[in-house]
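# Topology and contacts: notes
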Amino acid sequence: MQEKCGVVGISLADRDAARPLYYSLYALQHRGQESAGIVTHDGFQQHEHVEMGLVGDVFDNGDLATLNGANGIGHVRYPTAGGVNACCAQPFSVSFKSGSLGLAHNGNLVNADDVRENLANQGHAFTSNGDTEVIAHDIARNLLEADLVRAVKSTMERIHGSYSLTIMHDETVLGVRDPQGNRPLCIGELEDGYVIASESAAIDTLDGELVRDVRPGELIVLESDGSGFDSYQLFDEPQSAHCFFEHVYFARPDSIMNGELVYDVRRDLGRQLWEESGIETDVVMPVPDSGRAFASGYAEAATEEGAKTEFAEGLMKNRYVGRTFIMPTQDERERAVRLKLNPIKSTIEGKTVTLIDDSIVRGTTSKQLIELLRDAGAEEIHLRIGAPAIVAPCYFGIDMASRDELIAADKTGTEIEDEIGADSLSYLSIEGITNALGSDRADLCFGCVTGEYPYDVVGEATDRDVTRPSIVDETMSADD
Ligand code: AMP
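Residues numbered from 1 in each chain as written. Predicted model: local features only at pLDDT ≥ 70, side-chain atom pairs only at ≥ 80, totals over all residues. Heavy atoms only, no water.

A few words now on the overall build of the chain. On a plain count of helices and strands, the chain comes out with 16 helices and 26 strands. Relative to the globule expectation of 23 Å for 480 residues, the C-alpha radius of gyration of the chain, 23 Å, shows essentially globular dimensions. Principal axes of the C-alpha set define a box for the chain whose edges measure 70 × 50 × 45 Å. Of all 480 residues assigned to the chain, the portion counted as buried reaches 58%. (Helix = DSSP H or I, 4+ residues; strand = E, 2+ residues; numbered from the N terminus. Rg over C-alpha atoms; globule rule 2.2 N^0.38 Å. Buried < 20%, exposed > 50% of the residue type's maximum accessible area, 1.4 Å probe, protein only.)

Structure representation (structure tokens):
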């Protein structure tokens, strides 16, 4: 089961980790809104509170007060397959002969069923169909025979696919990123401890300093007294498979990934978009909020090259229309866009407009916004998109819709242009993305825009010679 999620792990010197974990989950709320959970360890036993709902609704002061201990992990979850499912809320925790284990997972394994069957044949009983329980049982089994680092390494040799994990064994907190580093994970230093989190915005929220990203194939083990961390490079692959879409859409703009502020990368993508398919119009307008950084970079590059265009916010968002907005009829569904966004007529009427967004998935947003702009009197509407056309599903943790729902899966650019009613439509190229990210194409996952994936997915093509990582032979060493 895919997990579009946020994970965090914290070890502190001598105060409870519950509140910092809670604040970090708030900072990661955009990565999952279905459930939230925290598991802590006080040196004697685990405490957990995991429920369906948003972070602010799941925890109250009483819940946080019961989560004792200076070490803990947390999770926010939005499942991308399997539907709404209370059984799969995380962190997943289990007690066994060698102690207790908690696990929080972002990503998706491609061989979870095989590993599950193998463990089931050895007597392991499963309570969910999630990947996370499979990983937890495998580590638990390895821990009967090996120390913690070797146990995690053995599990990493068995599981394949995309995973960024925070793990707690008794009071030891660990963080691990799959050998191709598909999902993000970073380490931060706090005044009195260390944090491992999906995104650096969580570290900022705790007034901490980003130390660095966790490397693909690296295991980080936090000292349980908050004094430092050890690093074990367990796999060292020649190629990575970082998800480009984290930079385009999923991550917070104020997070730093691969050493770059996501906001700056999005502005650069906007600049690339101008280079590739710029068109001079009266105004350049972002789709709020997803297109804002792209539009600002695009407008800046346009102006630098002498285009007489103005960056203008012409669509105002009602922040209080949330996911829970109920739309029983088609008519009301169509009304939803009017509830969410209101055009500012004076910036639109009689103008030629370049409308900028980060991506088109089903095409619903663009179609409705173009209609809205036309009703507000726009003369021409040119849509520019800061990512290539999404033609295939994501199997590794982003809720991208199934192939038959994707507008670009079976339509040409011109057909899409017609369907959404734009005067012109251009997407950013893969080269535009690699330029802005400063990464090699071979180190990025472009599965959703090429239909070729960096991991083995049954029935899909791969863009790699080798999709299963090799194991580092040398003796593992800890290095701070
Ligand atoms: P659509 O209306 O289906 O074409 O979706 C495109 C809009 O949804 C854009 O404004 C994107 O910012 C946003 N978006 C892109 N990817 C996702 C995703 N995985 N989940 C939710 N929204 C998304």
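What follows continues from the structure just given.
With that settled, the discussion passes to a negative patch on the surface. Taken together, the side chains of E189, E191, D204, D207 and E209 make up a negatively charged region of the molecular surface. A relative accessible area of 72% places D207 in the exposed class. (Patch = residues over 30% accessible without salt bridge, like charges linked within 9 Å, V, L, I, M, F, W, Y side chains within 5 Å. Areas by Shrake-Rupley, 256 points an atom, 1.4 Å probe, with all protein chains shown as cover. Salt bridge = Lys/Arg side-chain N within 4 Å of Asp/Glu carboxyl O. Lys, Arg positive; Asp, Glu negative; His and termini not counted. Charge placed at Lys NZ, Arg CZ, Asp CG, Glu CD.)

Another aspect to go through is the domain arrangement of the chain. For the chain, the assigned domains are domain 1 (6-239) and domain 2 (263-439). Taking the mean C-alpha position of each, domain 1 and domain 2 sit 35 Å from one another. The interface is formed by nine residues belonging to domain 1 together with seven residues belonging to domain 2. With both chains or domains summed, domain 1 and domain 2 bury close to 700 Å², and 51% of this area falls on carbon and sulfur atoms. Viewed at the interface, domain 2 and domain 1 are joined by three residue pairs in polar contact (both at pLDDT 80 or more). Of the residues in the side of domain 1 that touches domain 2, the class split is two nonpolar, six polar and one charged. (Domains from an automatic or database assignment. Contact = heavy atoms within 4.5 Å. Buried area = accessible area lost by both parts, 1.4 Å probe. Polar contact = N/O pair within 3.5 Å; in protein donor to acceptor, adjacent residues only side chain to side chain. Nonpolar A, V, L, I, M, F, W, Y, C, P; charged D, E, K, R; others polar.)

Turning next to the nonpolar core. By size, the foremost hydrophobic cluster in this structure holds 41 residues, and its most contacted members are F244, F245, V248, L269 and I433. Put simply, the parts of the chain that give this core at least two residues each are α8 (244-250), α9 (262-277), α10 (292-304), α15 (430-437), β24 (444-445) and α16 (447-450). A total of six residues in this core trace back to one element, the largest contributor, which is α10. If sequence neighbours within four positions are ignored, L269 has contacts with V248, F294, G386, L428, G432, I433 and A436. In terms of nonpolar packing, the next biggest core, distinct from the first, is built from 30 residues, L109, V134, V149 and M156 among them. (Core = buried A, V, L, I, M, F, W, Y, C linked by side-chain atoms within 4.5 Å.)

A few words now on unusual backbone geometry. Following Q90, the chain continues into P91 via a peptide bond in cis, with omega recorded as 5 degrees. For P91, the location among the structural elements is in the loop between β4 (71-79) and β5 (92-96). Cis geometry marks the peptide bond from P288 to D289; its omega dihedral reads -10 degrees. Mapped onto the elements, D289 comes out in the loop between β17 (283-286) and α10. Here D170, not a glycine, exhibits a phi torsion of approximately 45 degrees, which is positive. Topologically, D170 is positioned in the loop between β7 (161-169) and β8 (172-177). Notably, D207 is not glycine yet its phi reads approximately 60 degrees, a positive angle. Tracing the backbone shows D207 in the loop between α7 (200-205) and β11 (209-213).

Now for the site of the ligand. For the ligand, the set of nearby residues contains 14 residues, the closest of which are D357, D358, G363, T365 and D399. Between the ligand and D358 there is a distance of 2.6 Å, counted from an oxygen atom to a side-chain nitrogen or oxygen. Contact between the ligand and G363: an oxygen atom at 2.7 Å from a main-chain N or O atom of the residue. Elements supplying a minimum of two residues to the shell around the ligand: α8 and α13 (364-375). Considered class by class, the residues forming the shell around the ligand number five nonpolar, five polar and four charged. (Near = heavy atom within 4 Å.)

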